[in-house]
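Chain by chain, the residues:
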Amino acid sequence: MDAFDYIIVGAGTAGCVLAARLSADGKTRVLLLEAGGSDRTLYIQLPIGYGRTFFDARINWMYDTLPVPGLGGRTSYWPRGKVVGGSGSINAMVHVRGQRGDFDDWAAAGNPGWGWDDVLPWFIKAEDHDHGANDWHGSGGPQHVTDISAVAHPLCQTFVRTGQALGFSYSPDLNGAQAEGVGTYQINTRNGRRASTANAYLRPALRRGNLVLRSKAHATRIVFEGVRAVGVAYTRGGQSLEARASREIILSGGSINSPQLLQLSGIGDAALLQSLGITPLIDAAAVGQNLQDHLAVSYFYKSSVPTLNDTLRPLAGKVKAALRYLVDRGGPLSMSVNQGGGFVRSGPESERADLQLYFSPVSYTGSPLSERKLLNPDPFSAFLLSFNACRPSSRGHLQIASADPFAAPAIQPNYLSTEHDVGQARTGIRLLRSIAATAPLADIIIDELVPGHHLATEAELLEDFRQRADTVYHPTSTCMMGPDPATSVVDARLRVHGVTGLRVADASVFPNLTSGNTNAPTVMVAEKAAAMIIEDSRFDFLR
Ligand SMILES: Cc1cc2nc3c(=O)[nH]c(=O)nc-3n(C[C@H](O)[C@H](O)[C@H](O)COP(=O)(O)OP(=O)(O)OC[C@H]3O[C@@H](n4cnc5c(N)ncnc54)[C@H](O)[C@@H]3O)c2cc1C
């Protein structure tokens, strides 16, 4: 049997950070188990390639939720990375830390050490930012952050000026001193290549002999001796295997799989586990609860000036973009299509920004979502505007549906199940239409393609929202951090309540969803988790 100091389950955004940090001394033996395979493929490494990985079962768990009442009974498709780099290998690379208040909320919920002033140094430590080192940003860290403001499509400036005309301020750095306002997004790329944590942290760390990455290794159960986690059972190449950890096991399987593995291992709602034939180890009803996610809708506009559609759709445009990329790793292939956006208040009563905006200088009204052909946009000039509520109050849940570790769990996001969230949907829809009706954007709009002006009343537009709104792929909080084992899964040091030798460190521990995209805060959580684990290892003699 293999023996290590630490076993990390999941080589995703968080797992790659933990693997690099825990093995940094060159001595500590770390095993990183990943269910998926290699991330060395063109469409993962080429930034705009994420359209292709969206539905690729070879590298994607491809979950579907249960029917969601708030979406008129529709299910929602939830891609998650099943590959080295995890969802960070298939995401849209937008780099947003979240708001000061998000983390102050984490601390106020009984999690000392997680307020904004506590977490900012970990964001900075992770970064190698285009802006260089200053009070807000880091230089020389593993994760490169690219400021695309000078190279984004020119229409992003039109969007920004429109936002200013509506009274929103311009933010030159949505991760800096002024996180509120409109601007261009920063992205995780380096020299025109995706800067996932697999590229940024894991790849260099694998040169050390003390870190072992085992891909295509699906963890099926945590092995316990009493209430102490001592190993992980996994399958690889058709074989059932087991590895042992003398210090700790860290789950970084993400918001769907970490709670799933806990439940499969006997940590979950005892009645549920018993009904599925699993012997409960710890009755932990909070596992899989508190599921939170961002829900967005897009409005599409035909434009009188060229957009990315005109660059990417024609064959000549594709060839030009490819040549440009080959010459200097620049141009549209080196970026996300989510280029402009920001964080704004939905009204004077909002204490802080509560709506996130996206401006993408591209449109896909012709192809169904199930195709997501980013390199085949509409054959006419058009763009899209999109919004989501930053901090929805709807809470969903997930749970295993059988004792089979390869079966997908049942996911119920419960979108739009609160009056607050329905109200924010109404406000956001009004805001999108106001932006489109305001110069200079209004001057270049020929028509609203989707949903179209035949929908005019608030009721019609809300119904359209229920019919078309979808996830922004940010599920969190299913192994929520908190002081009370009855309502949370891990404590403020990310140790699973009720057992020893087991932590969770990934997006599932967020006490609440951050106001923006979730990759950067997941990196922060992993950086801080690794430091806490190393710090706690000094007290190993107490075990
Ligand atoms: C399509 C898409 C677009 C997104 N766009 C953005 C964006 O632009 N900006 C942003 O900030 N965020 C974005 N996100 C969200 C962001 O990528 C995630 O929040 C982040 O990657 C979560 O990291 P994680 O470590 O919690 O989980 P993941 O990165 O999902 O990692 C979990 C890993 O664990 C592995 N695993 C799971 N179960 C097992 C098991 N039983 N055995 C072994 N291995 C296992 C998985 O295969 C995976 O590699 C997007 C996500 C998606 C899917």
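Being a predicted model, the structure only gives us computed values, none of them experimental.

Peer 1: Would you take a moment to explain the overall build of the chain for this structure?
Peer 2: Across its full length, the chain holds 15 helices and 26 strands. Over its C-alpha atoms the chain spans a radius of gyration of 23 Å, differing by no more than 12% from the 24 Å that the globule rule assigns to 543 residues. Per-residue burial for the chain yields a buried fraction of 60% across its 543 residues. In the chain, of all internal contacts separated by at least 6 residues, the share reaching a separation of at least 24 is 70%. Taken as a whole, the chain presents about 19800 Å² of accessible surface, with 54% of it coming from carbon and sulfur. Across the chain, the centroid of the 49 positively charged side chains sits 8 Å from that of the 50 negatively charged ones.

Peer 1: Where do I start with the nonpolar core in this structure?
Peer 2: A general tendency of soluble globular proteins is for nonpolar side chains to be buried together. Counting residues in hydrophobic clusters, the biggest one holds 79 residues, and the most contacted among them are Leu-18, Trp-114, Leu-262, Ile-267, Leu-494 and Leu-502. It is helix H15 (residues 519–537) that provides the largest number of residues to this core, a total of nine residues. Setting aside chain neighbours within four positions, we find Ile-267 in contact with Phe-224, Leu-262, Leu-273, Leu-281, Ile-282, Ala-284, Val-287, Val-496, Val-499 and Leu-502.

Peer 1: How do you make sense of the site of the ligand when you look at a structure like this?
Peer 2: Within the structure, the ligand sits among 38 residues, and Thr-13, Glu-34, Ser-87, Thr-518 and Asn-519 are positioned closest to it. In the environment of the ligand, an oxygen atom lies 2.9 Å from a nitrogen or oxygen atom belonging to the backbone of Ala-14. Between the ligand and Val-94 there is a distance of 2.8 Å, counted from a nitrogen atom to a backbone nitrogen or oxygen. If the ligand stood free it would expose 1000 Å²; the protein chains cover 98% of that surface. The set of elements that each furnish at least two residues to the shell around the ligand consists of helix H1 (13–22), strand S13 (217–225), helix H8 (254–264) and H15.

Peer 1: Help me understand the domain arrangement of the chain in this model?
Peer 2: The extent of an interface is frequently quoted as the accessible surface area lost upon association of the parts. Here the domain parsing of the chain yields domain 1 (1–144 + 193–293 + 474–538) and domain 2 (149–184 + 295–389 + 417–468). When each unit is reduced to the centre of its C-alpha atoms, the spacing between domain 1 and domain 2 is 30 Å. Listed per partner, the contact involves 29 residues of domain 1 and 30 residues of domain 2. Taken over both partners, the interface formed by domain 1 and domain 2 buries close to 2600 Å², and the fraction arising from carbon and sulfur atoms is 54%. Here Arg-352 ties to Asp-102 by a salt bridge, and the two come within 3.1 Å at their closest N and O atoms. Secondary-structure elements contributing two or more residues to the side of domain 1 that touches domain 2 are helix H3 (50–53), strand S5 (94–95) and helix H4 (100–108). With three residues, the single largest contributor to the side of domain 1 that touches domain 2 is H4. Here the residues of the side of domain 1 that touches domain 2 are counted per class, giving 12 nonpolar, 11 polar and six charged.

How each quantity is defined
- Residues numbered from 1 in each chain as written.
- Predicted model: local features only at pLDDT ≥ 70, side-chain atom pairs only at ≥ 80, totals over all residues.
- Heavy atoms only, no water.
- Helix = DSSP H or I, 4+ residues; strand = E, 2+ residues; numbered from the N terminus.
- Rg over C-alpha atoms; globule rule 2.2 N^0.38 Å.
- Buried < 20%, exposed > 50% of the residue type's maximum accessible area, 1.4 Å probe, protein only.
- Contact = heavy atoms within 4.5 Å.
- Areas by Shrake-Rupley, 256 points an atom, 1.4 Å probe, with all protein chains shown as cover.
- Lys, Arg positive; Asp, Glu negative; His and termini not counted.
- Charge placed at Lys NZ, Arg CZ, Asp CG, Glu CD.
- Core = buried A, V, L, I, M, F, W, Y, C linked by side-chain atoms within 4.5 Å.
- Near = heavy atom within 4 Å.
- Polar contact = N/O pair within 3.5 Å; in protein donor to acceptor, adjacent residues only side chain to side chain.
- Domains from an automatic or database assignment.
- Buried area = accessible area lost by both parts, 1.4 Å probe.
- Salt bridge = Lys/Arg side-chain N within 4 Å of Asp/Glu carboxyl O.
- Nonpolar A, V, L, I, M, F, W, Y, C, P; charged D, E, K, R; others polar.

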